[in-house]
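The primary structure of each chain is shown beneath.
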Amino acid sequence: MMERVLRVNLTTGDIRVESLPADWRLLGGRSLTARILTAEADPGCDPLGPGNILVWAPGLLSGTVVSSSSRVSVGCKSPLTGGIKESNAGGQTGLLLAQAGYRAVIVSGAAAPGTWHVLVIDGENVRLEPPPPSTPGAGAYAAADELFRRYGRQCALALCGPAGEQRMGIAGIGNTDREGRPSRLNARGAVGAVMGAKGLKALAVMGDQRRPVPAPHPEQWKQGTLAYHRVLRESPVTGRLYPDYGTLAVMEKVNRLGGLPTRNFSAGSFAGAEAIGSVATRELILARGGEGMTTHACMTGCAIRCSNVFPDAGGREVASSMEFETHGLMGSNLGIDDLDAIARFTRLCNDLGADTIETGAALGVAMEAGLLPWGDAAAIERVLDRDVRRGTPLGRIIGAGAGTAGRVLGIRRVPVVKNQAISAYDPRALKGNGVTYCTSPMGADHTAGNTIAADTDHLDPRGKVALSRDMQIRTAIMDILGFCSFARGLLDPAAEAFLHLFNGRLDTRWEMDDLRRHALAVIRAEVAFNRAAGLGPGTDRLPEWFREERLPPHSAVFDVPDADLDAIWTQD
Amino acid sequence: MDAGLTRDTVVVQVEVFFRYRGQPLHRGAEMMAAGATLGALRERMGLTQPHVAVLVNGRYAPPDAVLADGDLVSFVHRTEGGSAAGSTV
């Protein structure tokens, strides 16, 4: 199968399927979004204007039988950060795009105002169609139902939800999982707002054109596949912990470290943490039974199965999936210690196509300003379901994200870097993650380089720049290959397997250092894009209050020197 | 002072945030000889697996850290994988 690139111009309606350019042969996922944006997008463009480019790029191993490798990168200039963005998601989109032979889908231009399209990818037959009339304005679950009725249940959908249609800063892109839930988001950086600004309601990738992804060295490929899966199965983390507890496995650790965002980052531990933690969530799902599942794969072929399905007291599904970041930003950060409430927030955010991190951080700022009472789940649901969905002035303030909410409401304690909300690890208690927030070209984003697993005193600023740098490079490798970050821990024990997979797929003889150098070059290209977009080194900082305001219980401030932050990408 | 508790011993509070001794979450106290290390406590509790992380009073502590009376020792998941080794790039 020839690998190819799809170009769609929504201003003209022009659609072109091109052969994969020779100099893109070794690029995929994040390395391809970075290459396309740096080559083809004006860093100074209006992120919500027709000059921005929206790119979907499955990872290099996506579409194969390799577990947890079919994630999809979405790239664009972010309306939230004003810089380059790679936002990564699971679900079925990456798998089916890769199996249809596409390394990238590049969407430029913008439809006429008020006009919506569905981009239908049916092998080489690609077309733009108007969406079902009821879907613009509908929630993502109803829109997915309508689109599945039209295109068949085997397709994968990437959806612009109500938040994206309104071009909100909280807007992600919702990808359907194996059962068709629009629950796996390219969440960060307001990529959904870019999709909405282009008038693209959905991508529908048909599932009946599936072909094997090429691997020119079958023996090497087979060797790598077997070795990788053996290590994955035998690792207690990927083989047991993630299937049992999912991302929530880290909750109790972060709380004990004093890094769990609590009441708008005013404290680092939460009295109700255990009530919304990994053990409580798992035990409640098990006790309620019914449609509940403690382990679930968000994409075909994932053996880690970190996702879950949370049921109500009657055993009916409420939401999938309960994730640590949601429990942090929409639980402890808002004074909520009720799992049922967090499940409803999750469902609502999926339906709105909203990033729970940005939404939770904005709500925390609003609570600090007195707009909502701490811990009031009903008030939060009202804001999400009424105000954000309908775009009332309050909904717009929350929907714009934490940075804008803070500016409108006159709040100084606003947890953002480059205007993007900080994840559920307070950088004063987890200083390695603080370095990642500052120095990642993505803005505040733990998925760019999470240091929580390191055996280190996270309160000690020493060594955290090197730690963050290492994790950011490892993460970029995963994002290029299409792996879930939960496979990142296998990079050392299964290094040879990773190389067999890469070399077997691409007919190369790379070593791990080659992969690392490649990943570092991608990060540097992204930083260069940001500099050209006007994001200077002064934006590679946490807000000042993180250096001034002491965080209980460890009385910690962020104290990694600025000069060390500035030097992170300069060394070879 | 409780019977059996002398200057030669310390009592630490322990919490295990995963299934342990048949319970989904375990809390208890462990009496150790004065000067006992965190590594010795891990050995005694059978929690030496590399995927188990340990915090003492909410901070990372190395295996040779000496436990003090009243310490809170938390056994948690060592998840979000990846090594802490320095970059070789």
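What counts, and where the lines are drawn
Residues numbered from 1 in each chain as written. Chains lettered and ligands numbered in written order. Predicted model: local features only at pLDDT ≥ 70, side-chain atom pairs only at ≥ 80, totals over all residues. Heavy atoms only, no water. Helix = DSSP H or I, 4+ residues; strand = E, 2+ residues; numbered from the N terminus. Expected span 1.5 Å × (residues − 1). Buried < 20%, exposed > 50% of the residue type's maximum accessible area, 1.4 Å probe, protein only. Contact = heavy atoms within 4.5 Å. Core = buried A, V, L, I, M, F, W, Y, C linked by side-chain atoms within 4.5 Å. Salt bridge = Lys/Arg side-chain N within 4 Å of Asp/Glu carboxyl O. pLDDT = per-residue confidence, 0-100. Lys, Arg positive; Asp, Glu negative; His and termini not counted. Polar contact = N/O pair within 3.5 Å; in protein donor to acceptor, adjacent residues only side chain to side chain. Pairing = 2+ DSSP bridges. Axes fitted to C-alpha atoms, helices over the stretch in contact; angles between N-to-C directions.

Here's the deal with helix H13 (residues 377-390) of chain A
Residues and elements named next belong to chain A. Here H13 is 14 residues long and its end C-alpha atoms lie 19 Å apart, about the 20 Å a rise of 1.5 Å per residue gives. When we look at burial in H13, the residues that qualify are Ala-377, Ala-379, Ile-380, Glu-381, Val-383, Leu-384, Asp-387 and Val-388. Against the buried residues of H13 lie helix H11 (339-352), helix H12 (356-368) and helix H14 (393-399).

Here we look at the nonpolar core
Counting residues in each nonpolar core, the largest one holds 146 residues, and the members touching the most others are Tyr-228, Phe-483 and Phe-498 of chain A together with Leu-41, Val-73 and Phe-75 of chain B. Here this core takes eight residues from H11 of chain A, the largest share from any one element. Contacts of Phe-498 of chain A, omitting those with residues within four sequence positions, involve Tyr-228, Met-478, Leu-481, Phe-483, Ala-487, Leu-490, Leu-491 and Met-512 of chain A. Of all hydrophobic cores here, the second largest spans 29 residues; its members include Leu-95, Ala-100, Ile-121 and Leu-203 of chain A.

A few points about the pattern of salt bridges
Residue and element names in this part refer to chain A. A complete count under the given rule lists 52 salt bridges over all chains for this structure. Of the charged contacts in the structure, one is a salt bridge between Glu-3 and Arg-505, with a shortest N-O distance of 2.8 Å. Remark: Arg-505 occurs in helix H18 (residues 495-506) and Glu-3 occurs in the segment before strand S1 (4-9); sequence separation between them is 502 residues. The burial state of Glu-3 is the same as that of Arg-505; both residues are buried.

With respect to the environment of Val-120 of chain A
Residues and elements named next belong to chain A. Note that Val-120 resides in strand S7 (residues 117-122). Val-120 sits in the buried class, given a relative accessible area of 0%. For the pair formed by Val-120 and Leu-157, sequence separation is 37 residues and the distance between their alpha carbons is 9.6 Å. Sequence-distant contacts of Val-120, defined by excluding residues within four places in its chain, comprise Asn-125, Val-126, Arg-127, Glu-129, Tyr-151, Ala-204 and Met-206.

Concerning the confidence of the model for chain B
All names here are of chain B. Confidence along chain B averages 86 in pLDDT terms, with 82% of residues attaining 70 or more. Considering each helix and strand of chain B separately, the mean pLDDT is smallest for strand S4 (residues 59-60), with a value of 94, and largest for helix H1 (residues 38-45), with 98. Below pLDDT 50 for its whole length, residues 81-89 participates in 30 contacts with residues either more than four positions away or in separate chains. For this predicted complex, the interface confidence comes out at an ipTM of 0.90, alongside a pTM of 0.96.

Observations regarding the side chain of Glu-86 of chain A
Residues and elements named next belong to chain A. Locating Glu-86 in the fold gives a position in strand S5 (residues 84-89). Buried charge without a partner: Glu-86 forms no salt bridge, and the closest opposite charge is Arg-30, 4.7 Å away. Among the polar contacts made by the side chain of Glu-86, one reaches the side chain of Ser-73 at a distance of 2.5 Å. At 2.9 Å, the side chain of Glu-86 and the side chain of Asn-88 are in polar contact. Apart from the residues within four sequence positions on either side, Glu-86 is in contact with Arg-30, Thr-33, Ser-73, Val-74, Met-442 and Asp-479.

A look at the sheet that holds strand S15 (residues 317-319) of chain A
Residues and elements named next belong to chain A. A sheet is described by the order of its strands in space; here three strands give the open sequence S13-S14-S15, paired in antiparallel fashion. Because the sheet does not close on itself, it has two edges, and the strands there are strand S13 (293-296) and S15. On average, each strand axis in the sheet is tilted by 40° relative to the strand beside it, whichever way the strands run. The sheet contact formed by strand S14 (residues 307-311) and S15 spans two bridges and is antiparallel. Bridged to Pro-311 within S15 is Glu-317. Relative to the sheet, H11 contacts S14 and S15, its axis offset from that of S15 by approximately 70°.

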